[in-house]
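Observations on the model geometry
Listed here are the chains, written in short residue letters.
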Amino acid sequence: MKDETLRYFDNSGFQEKLISWYQANKRDLPWRQNQDPYRVWVSEIMLQQTKVDTVKPYFERFMEKFPTVHALAEADEQAVLKAWEGLGYYSRARNLQTAVREVVAEYDGKVPKNKNELGKLKGIGPYTKGAILSIAFGQPEPAVDGNVMRVLSRVLRISDNIAEAKVKKRFEAIVSEMISKDDPSSFNQGLMELGALVCTPKAPLCLFCPVNAYCRAFSEGIQEQLPVKSKAKKPKRVTYLVLLLKKGKEVIIEQRSEQGLLANLWQFPMIPMKGEMDAAQAEKWFEAEYGWSIQIGKEAGELKHVFTHLVWDLKIFEADVLYASDDTRLKSVNEIEISEYPFPVSHQKMMKFL
Ligand code: SF4
């Protein structure tokens, strides 16, 4: 059934304006060179939570290294993480590789165009599925993210809270009705492009907007009050003491666990600080955890790193190894070897303190 809000909406006029504006104004982006589903897939995964300008060089390098599903499926996971280094949200890279391996094993290396099969692949949620189906395969499927919800909240004057899952489902149903059956790719990309270039979160450029004649929020002058979005919870803060631990001329690094945040990446050893912890207590903690005896020296600096739901306060200290056991989590590397390991951004920044 038609969503109530579309009853008196001139959808064909809106489609036409949006699509012709998109075709004349779309940015020349590396993933728009062709509609190869693998390229579309990689670009959409990289673009989750990440700005276009940041993604561009990563996408080009990634495509050079892993130009096909087969190349990515066969690659070593550490090489994939290294190519993703600095882009954040590393589970995206791991899930992408898992899914690509499934495409090779189950679908003869061809990205499935069946929406149920595609949606079952790891890391492909409703947005990515809709983007791949519409852009690569020309299917009229919705691809709704925060950008699209912002644009359509304004155009259709919808004041539902876009942070709620059921509201996202409503927008998906609305886009399913609105989408052009002739050119679903340009329709979906047009909405995304409009959100990125014109209908921006703050100070949207309504006077230059190709669909302003169809926009209910603009006609009422309330575009800046939409969309409605409840505030996210305050992120949790955790303090760590990070050790630039030296053993002769080499430095000690550690691989993170294979589960959870920043899984399988490498880092300088981190000691969680509970309340006030002095150097002697930290040294004892380290000995109990790893069986290594160390001496903590002077402070090298401080860093803060913000994740979506978490903030790390990092206090960085120099330290020396006094006794090393054979704990396999820790690895001793020289200044050339260290560059071969994938590190999260916060720890890359610490390299300057070495
Ligand atoms: Fe967004 Fe303004 Fe265009 Fe409406 S008129 S879609 S609020 S930029």
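Criteria and thresholds
- Residues numbered from 1 in each chain as written.
- Predicted model: local features only at pLDDT ≥ 70, side-chain atom pairs only at ≥ 80, totals over all residues.
- Heavy atoms only, no water.
- Domains from an automatic or database assignment.
- Contact = heavy atoms within 4.5 Å.
- Buried area = accessible area lost by both parts, 1.4 Å probe.
- Salt bridge = Lys/Arg side-chain N within 4 Å of Asp/Glu carboxyl O.
- Polar contact = N/O pair within 3.5 Å; in protein donor to acceptor, adjacent residues only side chain to side chain.
- Helix = DSSP H or I, 4+ residues; strand = E, 2+ residues; numbered from the N terminus.
- Near = heavy atom within 4 Å.
- Nonpolar A, V, L, I, M, F, W, Y, C, P; charged D, E, K, R; others polar.
- Patch = residues over 30% accessible without salt bridge, like charges linked within 9 Å, V, L, I, M, F, W, Y side chains within 5 Å.
- Areas by Shrake-Rupley, 256 points an atom, 1.4 Å probe, with all protein chains shown as cover.
- Buried < 20%, exposed > 50% of the residue type's maximum accessible area, 1.4 Å probe, protein only.
- Axes fitted to C-alpha atoms, helices over the stretch in contact; angles between N-to-C directions.
- Parallel < 35°, antiparallel > 145°, perpendicular 65-115°, else oblique.
- Left-handed = near helix turned anticlockwise from the far one by under 90°.
- Lys, Arg positive; Asp, Glu negative; His and termini not counted.
- Core = buried A, V, L, I, M, F, W, Y, C linked by side-chain atoms within 4.5 Å.
- Phe/Tyr/Trp six-rings, centres within 6.5 Å; stacked < 30°, edge-to-face > 60°.
- Lys NZ or Arg CZ within 6 Å of the ring centre and 35° of its normal.
- Expected span 1.5 Å × (residues − 1).
- Arc of directions from axis to C-beta.

Along its sequence, the protein chain is carved into domain 1 (4-225) and domain 2 (236-353). Each of domain 1 and domain 2 has a C-alpha centre, and the two are 37 Å apart. Facing the 9 residues of domain 1 at the interface are 16 residues of domain 2. Contact between domain 1 and domain 2 buries roughly 910 Å² in total, counting both sides, with carbon and sulfur atoms accounting for 46%. On inspection of domain 1 and its partner domain 2, the count reaches 0 salt bridges. Linking domain 1 with domain 2 are 9 residue pairs in polar contact (both at pLDDT 80 or more). Counting residues per element, the side of domain 1 that touches domain 2 draws most heavily on helix H5 (residues 77-84), at 4 residues.

On to the site of the ligand, then. Neighbouring the ligand are the residues Arg154, Val155, Val198, Cys199, Pro204, Cys206, Cys209, Asn212, Cys215, Phe218 and Gln223. Here the residues of the shell around the ligand sort into 8 nonpolar, 2 polar and 1 charged.

Turning to a nonpolar patch on the surface, a few remarks are in order. Where nonpolar side chains cluster on the molecular surface, the patch consists of Leu205, Leu207 and Phe208 and spans about 390 Å² of accessible area. A relative accessible area of 70% means that Leu207 is categorised as exposed.

All right, on to the packing of helix H2 (residues 37-47) against helix H3 (residues 52-65) then. Put simply, H2 and H3 touch, their axes get as near as 10 Å, and they point 140° apart. The pairing of H2 with H3 is recorded here as oblique in orientation. You can see that H2 and H3 cross each other, and the crossing is right-handed. Facing H2, whose interface residues are Tyr38, Arg39, Val42, Ser43, Met46 and Leu47, H3 presents Val52, Val55, Tyr58, Phe59, Phe62 and Met63. Residues that form the contact of H2 with H3 fall into these classes: 10 nonpolar, 1 polar and 1 charged.

Let's shift gears to the side chain of Glu44. Checked against the element boundaries, Glu44 lands in helix H2. One buried charged residue, Glu44, forms no salt bridge at all, with the nearest opposite charge on Arg32 at 7.5 Å. For Glu44, the contacting residues outside a window of four places in its chain are Tyr127, Thr128, Ala131 and Ile135.

Ranked by size, the top nonpolar core spans 97 residues in total, and within it Phe14, Trp41 and Phe62 carry the most contacts. Of the domains in this structure, domain 1 (4-225) and domain 2 (236-353) are the two that each give at least three residues to this core. Those residues in contact with Trp41, other than ones at most four positions away along the chain, are Leu96, Ala99, Val100, Val103, Val111, Leu121, Ile124, Thr128 and Ile132. Residues Leu241, Phe317, Ala319 and Leu330 belong to the second largest nonpolar core, which totals 17 residues.

Attention now moves to the pattern of salt bridges. Scanning all chains against the criterion turns up 16 salt bridges. Taking the shortest distance from any N to any O, the salt bridge between Asp108 and Lys110 comes out at 3.7 Å. Taking the shortest distance from any N to any O, the salt bridge between Arg170 and Asp160 comes out at 2.9 Å. With Arg170 in helix H10 (residues 165-178) and Asp160 in the loop between helix H9 (146-155) and H10, this pair connects stretches of sequence that are 10 residues apart. Residue Arg170 is classed as partly exposed on the basis of its relative accessible area, which comes to 26%. Its relative accessible area of 26% is what places Asp160 among the partly exposed residues.

Let's shift gears to the packing of aromatic side chains. Under the counting rule described, the total for this entry stands at 12 aromatic pairs. When the centroid spacing of 5.6 Å and the interplanar angle of 70° are considered together, the rings of Tyr240 and Trp312 count as edge-to-face. Of the two residues, Tyr240 is situated in strand E1 (residues 236-247) and Trp312 in strand E6 (residues 310-323); the sequence distance between them amounts to 72 residues. Of the two residues, Tyr240 and Trp312, neither departs from the other in class, the shared state being buried. The interplanar angle of 70° and the centroid separation of 6.4 Å between the aromatic rings of Trp285 and Tyr290 together place this pair among those described as edge-to-face. Relative accessible area serves as the criterion here: at 23%, Trp285 is assigned to the partly exposed category. In this structure Tyr290 comes out as buried when scored by relative accessible area, which is 5%. A network of ring pairs unites the aromatic residues Phe9, Phe14, Phe187 and Tyr214 as a single cluster. The ring of Tyr58 carries Arg61 above its face, with NZ or CZ at 4.9 Å from the centroid.

This paragraph deals with helix H13 (residues 279-290). Here H13 contains 12 residues, and its C-alpha end-to-end distance of 16 Å stays within 8% of the 16 Å for a straight helix at 1.5 Å per residue. Those residues of H13 lying buried are Ala282, Phe286 and Tyr290. Down the axis, H13 shows its buried residues gathered within 45° of arc, on one side only. Pointing more than 90 degrees away from the buried face of H13 are the exposed residues Lys284 and Ala288.

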